[in-house]
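# Report on the structure
Given next are the chains, with one letter for each unit.
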There are 2 protein chains.
Amino acid sequence: MRVAIMGVDGYLGWSLAQYLASYGHVIGGMDAYLRRDWVAEVGSHSATPIAKMTERLDAFYQVFGKSLRFVRGDITEYEKVKEFLRGFKPDCIVHLAEMPSAPYSMISANHCTWTHANNLAGTINLLYIMKEEFPECHLLKLGTMGEYGTPNVAIPEGFFDIAYRGRTDTLPFPRQPGSWYHCTKVHDSVNIHLACKLWGLRSTDIMQGVVYGVTLPEMLTDPRLLTRFDFDEAFGTAINRFVAQALVGVPLTPYGKGRQARGFLPLCDSMQCFRLAIENPPEQGEYRVLNQFEDVYFLDELANMVAHEANEVGYSDIKAEVANIENPRLEAEEHYYNPDRKKLLDLGYKPNGDIRGTIRSMLCTVAEYMYRINSHKHVLIPKIRWDGTKDTCQRL
Amino acid sequence: MRVAIMGVDGYLGWSLAQYLASYGHVIGGMDAYLRRDWVAEVGSHSATPIAKMTERLDAFYQVFGKSLRFVRGDITEYEKVKEFLRGFKPDCIVHLAEMPSAPYSMISANHCTWTHANNLAGTINLLYIMKEEFPECHLLKLGTMGEYGTPNVAIPEGFFDIAYRGRTDTLPFPRQPGSWYHCTKVHDSVNIHLACKLWGLRSTDIMQGVVYGVTLPEMLTDPRLLTRFDFDEAFGTAINRFVAQALVGVPLTPYGKGRQARGFLPLCDSMQCFRLAIENPPEQGEYRVLNQFEDVYFLDELANMVAHEANEVGYSDIKAEVANIENPRLEAEEHYYNPDRKKLLDLGYKPNGDIRGTIRSMLCTVAEYMYRINSHKHVLIPKIRWDGTKDTCQRL
C-alpha cells in the first residue's frame, strides 16, 4: 500500500517508515522538523544522535532499496499538504504530525493556544483534503489513551451502550483530558468523528498508551536510521526517562505516590498495531476507535522494574534507586483503571510481552550515548507544573 | 456588580449591556466588530439599522445615566484583553465573543480552521488571564444546546450519573456536535472544565437554545440602542428568519421534514437567565453547566405558528405559507429530544411563555424595516450545504 506519514521525522514517524517499508509498503512523508525545535526549546536533545533528513533518506534508500518520497512542509499549510498528497496518491495517511507533549502545552497561555491551533488545523486540513481529493483514503490518526482520563468505570473503545432514565443509546464514551495537549487530542477525535459522518470518510483513531523503546531491528544496520530517544520532562516518556536516569546514576523519579496506572507498549508493538490498522482499514464512512497498549502498569512498578534491571545489567557504577518526587501534574494518584483493548487483538496483534527484556535491551543501546544524557542531566527533573508555577519538583 | 461583556457589539452582547445596566450593574465591553464583517461577507446586513459604536455609547450614557467602558479589540490578542480587564476589574466576564454560526463554519476548510482558532484562543486567553489576574472572577461562557446533538436518551445539564459494567461514576454527558461551529463550543466546554479543575476557577457554561426576538423595552427609547436582527442563512436564527420571510412574502422554509426538535427562548428570557447566572455565581472551583431554553418546539410547528400570526396581523399583502426545502445540514429530521432545564428554574427563571405574543411583537417591530429585507431577499434561501457543495436548496 502507499502510506503517507505526516510527521515522518519524529520518534514514531521515522520508526514507522522503516517498519512499513520492511513489510513492502511504499512510503511518503512530510515534516517541518518542529520536534527538533521543541526539544531544543526545552533545553534538551535526543540521546541518540539524529541524522539530518537528507542523510536519513540516503540510508533509507540504501537499506530498503526504494526511496521515501519526502517533502519538507508544515501540516498547517493547506496548499502545501494538498500538493504533496496529490503527488503521492496515498491509500492511507498516518497523522503523527501533532505537538505530542502534555508538559509543553502547559508552559504558558501562548503554548496552550499554539498547541490548539497547530494540532487542530493539521487534522482539519487532512479531513478537507481527503474530502476533496481522496474520499476513499484511510486516515490513521494518533490519539492517546489519556483522552479518557481515569474514570471509575471500565473504558471501552470509543463508544459505549448506555441505559439512562429508561432509554438506551450508543454514545461516545465521555473524555476527561488532563492537560491542554490531551484536550487537543479529544477535540481532534470529535472533529474526525463528525467528518466521517458528514462526508463518509473512513478513519481509525488510535488511543495509544505510553510508548517505550529505542530501536527496531531495521535501525541497527545503519546509525543514520536511528530514531530519537528523548529524556527531557516534556518529550521523554516515562520508561525512557527511567532508563536515562538509571544510566547516569540519578534517582528514578515517579511523580507523587506513583500509583497512577497507565497503558504502556513497546515501540515494536506500536509499529505492529499501526501496520495491522493500515492493512485492515475500516469500512467507508466508519469512524473506528482502537485502544492501543500492551498492558497496564503502575508508574512506581515500572520505576522499580527499570532500577532492578539496571542494577542487574550494571552499566552504571552507581546503584539505581527509586525516589518519588512532587507531582508537577494534576492527576489522581490512586484510581480505578480498566481499559479494553480487544479490537487490535481481533486484528491479529501479538503483544511482545517481554517488558523486562525490552528494558534490558534499551539500557544496552542507550548506554552508548550516556555522555549525551550526562551533558543534559538538568532536564531529568521536572519544573513545568500544571498549576502554572515553574519551581523544580522536590523529593518527597 | 462589574460585568465585562466580551462581544458587546453583537446581537446578545448589545442587548445584555442594556438589560444589566437597567438592573444597576456596571458594564464594560470589548469588541472587534467581526460580526458586522461576517454578515457583510455572506452578502447580508441586519434588518434593524445598526448605529456605530460611538453612537451606541452616547445613547447608552444618555438613557442609563452611566457610561459603558468600551475598548475596541480582538479577544485573540492576549495582551490587549488583559489590559482591558485589568483596567475594568470585573466581578464577572460574559464571553459572547465567538463566531456563532454553524453555516459560516461550514463554508470551507479555511472557515473551519479560522473558527476553531478564533473561538478556542478567545476562551483560552480569558482562562489564563483569570488565573493570573482575577482568580475569583466568574466566567459566564456562551455554549449551545447543540453541543449535545440529539441522543436517544434524556439530556441532563452537563453531567450524568452512570452505571456501566457493574460500577458507577459521574461523568460529562457525551457531546455530539453537528457542525464545526458546534465542535468549537464542545472543545471550549472541555477546556473550561479542565481550567476549573486545574486552577480552581469558577465558570458557568450556558447551553443555550435558539434565541428569537428583536427588542427589549430598554431599546425602544432610542433607535441607537436597537440590537441587530439578522435574517441571512448563516447568522439569522430560525424564528427570526421565518418572521423575515413572512414579512416580505416568500415561503417560510423549514429544512427537510421540519420535525427537528430544538430548545428555543425569546431574547428577554435569554437576558433574564444571564442575569440570574451572573447574580448567583457558582462556588470557587465549580464548573457549572446550565441548559438555557424556554421550551422545546418542532421547526415546522414554529414556521406554521409564524405564518399563522403573520396572516392574522396582515403586514404583508401576500399570504404567508410554509414550504419545506432541502435540508442543507446533516441532521436527524425525526428524533427523540428531552433535555432538562431545571437549574435555571431553581435560580428563579420565570419563562415568558407567550411565544405567539412575542412573534406578533417581532412582526410589528421588523415591519418597519421590511425594505431592508426586500433588498437582500436572496440570503433567505440557504446554499451552504454540510456536504461541501454550494447549490441553492430546492423546494421539496
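Anything mentioned here points back to the structure above.
Described in the following lines is the structure provided in the data block. Please read these numbers as outputs of a predicted model, since none were measured by experiment.

### A few points about the overall build of chain A
Scanning chain A from terminus to terminus reveals 13 helices and 12 strands. Radius of gyration (C-alpha) of chain A: 20 Å, near the 21 Å computed for a compact globule of 396 residues. Dimensions of chain A, computed from C-alpha atoms along their principal axes, come out at roughly 60 × 60 × 40 Å. Relative to its 396 residues, chain A shows a buried fraction of 54%. Long-range pairs, those at least 24 residues apart, make up 82% of the contacts in chain A between residues at least 6 apart in sequence.

### Let's talk about the nonpolar core
One finds Val-243 of chain A together with Val-243 of chain B to be the most contacted residues of the largest nonpolar core, which totals 234 residues. With residues near it in sequence (within four places) discarded, Val-243 of chain B still touches Val-306, Ile-359, Met-362, Leu-363 and Val-366 of chain B.

### Focus on the pairing of strand β8 (residues 202-208) of chain B
Residues and elements named next belong to chain B. Within β8, 7 of the 7 residues are buried, which leaves it mostly tucked inside the rest of the structure. Taking every second residue as pointing to the same face, both faces of β8 are buried, with Arg-202, Thr-204, Ile-206 and Gln-208 on one and Ser-203, Asp-205 and Met-207 on the other. Where strand β5 (residues 138-144) and β8 come together, 7 bridges link them in parallel fashion. If you follow His-138 over to β8, its bridge partner there is Arg-202. Sheet analysis places β8 next to strand β11 (residues 287-292), joined by 6 bridges and oriented parallel. Its bridge partner lying in β11, Gln-208 is registered against Gln-292.

### Here's the deal with the interface of chain B and chain A
Taken together, the contacts link 41 residues of chain B with 41 residues of chain A. For the side of chain B that touches chain A, the elements supplying multiple residues, two or more each, are α6 (109-133), β6 (159-164), β7 (167-172) and α7 (180-199) of chain B. With 11 residues, the single largest contributor to the side of chain B that touches chain A is α6 of chain B. Of the residues in the side of chain B that touches chain A, the class split is 26 nonpolar, 9 polar and 6 charged.

### Looking at the relation of the copies chain B and chain A
By a simple turn and slide, chain B fits onto chain A: the slide is 0.0 Å along the axis, the RMSD is 0.0 Å, and the turn is 180°. The superposition operator between the copies reduces to a two-fold rotation axis. Here 100% of the interface residues in chain B have copies in chain A that are interface residues too; the copies meet face to matching face.

### As for unusual backbone geometry
Here the phi dihedral of Tyr-33 of chain A falls at roughly 60°; this positive angle occurs in a residue that is not glycine. Tyr-33 of chain A sits in the partly exposed class, given 13 other C-beta atoms within 10 Å. Unusually for a residue other than glycine, Arg-165 of chain B sits at a positive phi of about 50°. Relative to the helices and strands, Arg-165 of chain B is located in the loop between β6 and β7.

### Here's the deal with the pairing of strand β1 (residues 2-6) of chain A
Residues and elements named next belong to chain A. Most of β1 is tucked away: 4 of the 5 residues are buried. Relative to strand β2 (residues 26-31), β1 runs parallel, the two being bridged by 5 bridges. The partner of Val-3 across the bridge, within β2, is Ile-27. Between the parallel elements β1 and β2, the chain passes through helix α1 (residues 11-22) in a crossover that is right-handed. Where β1 lies against strand β4 (residues 92-95), 4 bridges are found, and the strand directions are parallel. Paired with Met-6 across the two strands is His-95, which belongs to β4.

### So, helix α8 (residues 238-248) of chain A
Residues and elements named next belong to chain A. The buried fraction of α8 is high, at 11 of 11 residues. Every buried residue of α8 is listed here: Ala-238, Ile-239, Asn-240, Arg-241, Phe-242, Val-243, Ala-244, Gln-245, Ala-246, Leu-247 and Val-248. Buried residues in α8 make contact with β9 (210-212), β10 (261-266), α10 (299-313), α12 (355-367) and α13 (370-374). Just past α8, the residue Gly-249 takes up positive phi, approximately 75°.

### Description of the packing of helix α10 (residues 299-313) of chain B against helix α12 (residues 355-367) of chain B
Residue and element names in this part refer to chain B. With their axes 10 Å apart at the nearest point, α10 and α12 run at an angle of 55° to one another. Comparing their axes, α12 and α10 come out oblique. For the crossing formed where α10 meets α12, the hand is right-handed. Residues Met-305, Val-306, Glu-309, Ala-310 and Val-313 of α10 lie in contact with α12, whose contacting residues are Arg-356, Ile-359, Arg-360 and Leu-363. Residue classes in the contact of α10 with α12 are distributed as 6 nonpolar, no polar and 3 charged.

### Here we look at the sheet that holds strand β10 (residues 261-266) of chain B
All names here are of chain B. Taken together, the 3 strands give an open sheet; going across it, the order is β9-β10-β12, and neighbouring strands pair in mixed fashion. Whereas interior strands pair on both sides, the edge strands pair on one side only; in this sheet they are β9 (210-212) and β12 (295-298). Pairs of neighbouring strands in the sheet enclose a mean axial angle of 50°, with direction left out of account. Where β9 lies against β10, 3 bridges are found, and the strand directions are parallel. Across the sheet, residue Val-210 finds its bridge partner in β10, namely Phe-264. Along the sheet, helix α9 (residues 267-279) contacts β9 and β10; its crossing angle with β10, the most-contacted strand, is approximately 80°.

### Quick word on the environment of Val-39 of chain B
Residues and elements named next belong to chain B. When you line up the elements, Val-39 lands in helix α2 (residues 34-41). For the pair formed by Val-39 and Phe-235, sequence separation is 196 residues and the distance between their alpha carbons is 6.9 Å. Non-local contacts of Val-39, meaning those with residues more than four positions away in its chain, are made with Ser-44, His-45, Ser-46, Asp-230, Asp-232 and Phe-235.

Reading guide: rules and limits
Counting of residues starts from 1 at the beginning of each chain's written sequence and follows it residue by residue. For naming, the first written chain is A and the first written ligand is 1, with later ones following in the order written. Totals for whole chains, interfaces and linings use all residues, but because this is a predicted model, local features are given only for residues with pLDDT of at least 70 and pairs of side-chain atoms are given and counted only at 80 or more. To qualify as a helix, a DSSP run of H or I must reach at least 4 residues; to qualify as a strand, a run of E must reach at least 2; elements of each kind are numbered from the N terminus. Note on method: radius of gyration uses C-alpha positions; expected globular size equals 2.2 Å times residues raised to 0.38. We call a residue exposed when 12 or fewer other C-beta atoms sit within 10 Å of its C-beta, buried when the count reaches 20 or more, and partly exposed for counts in between; the C-beta positions come from the backbone. Any pair of residues counts as being in contact when their C-beta atoms, constructed from backbone geometry, are within 7 Å of one another. As used throughout, a nonpolar core is a set of buried Ala, Val, Leu, Ile, Met, Phe, Trp, Tyr and Cys residues joined through C-beta atoms within 7 Å of each other. Two strands qualify as a pair provided that DSSP identifies no fewer than 2 bridges between them. Following the grouping adopted for this structure description, the nonpolar residues are Ala, Val, Leu, Ile, Met, Phe, Trp, Tyr, Cys and Pro, the charged ones are Asp, Glu, Lys and Arg, and the polar ones are all others, Gly among them. A residue counts toward the fit only if its pLDDT is at least 70 in both copies, and the copies are then superposed by least squares on the C-alpha atoms of those residues. Think of it like this: strands point away, you trace from the first strand over the helix to the second, and a clockwise trace means the crossover is right-handed. Only the contacting stretch of a helix is used when fitting its axis, a line to C-alpha atoms as for every element, and angles between N-to-C directions run 0 to 180 degrees. Angle categories: roughly parallel below 35 degrees, roughly antiparallel above 145, roughly perpendicular from 65 to 115, and oblique for all the rest. A crossing counts as left-handed when the near helix is turned anticlockwise from the far one by less than a right angle, and as right-handed when that turn is clockwise.

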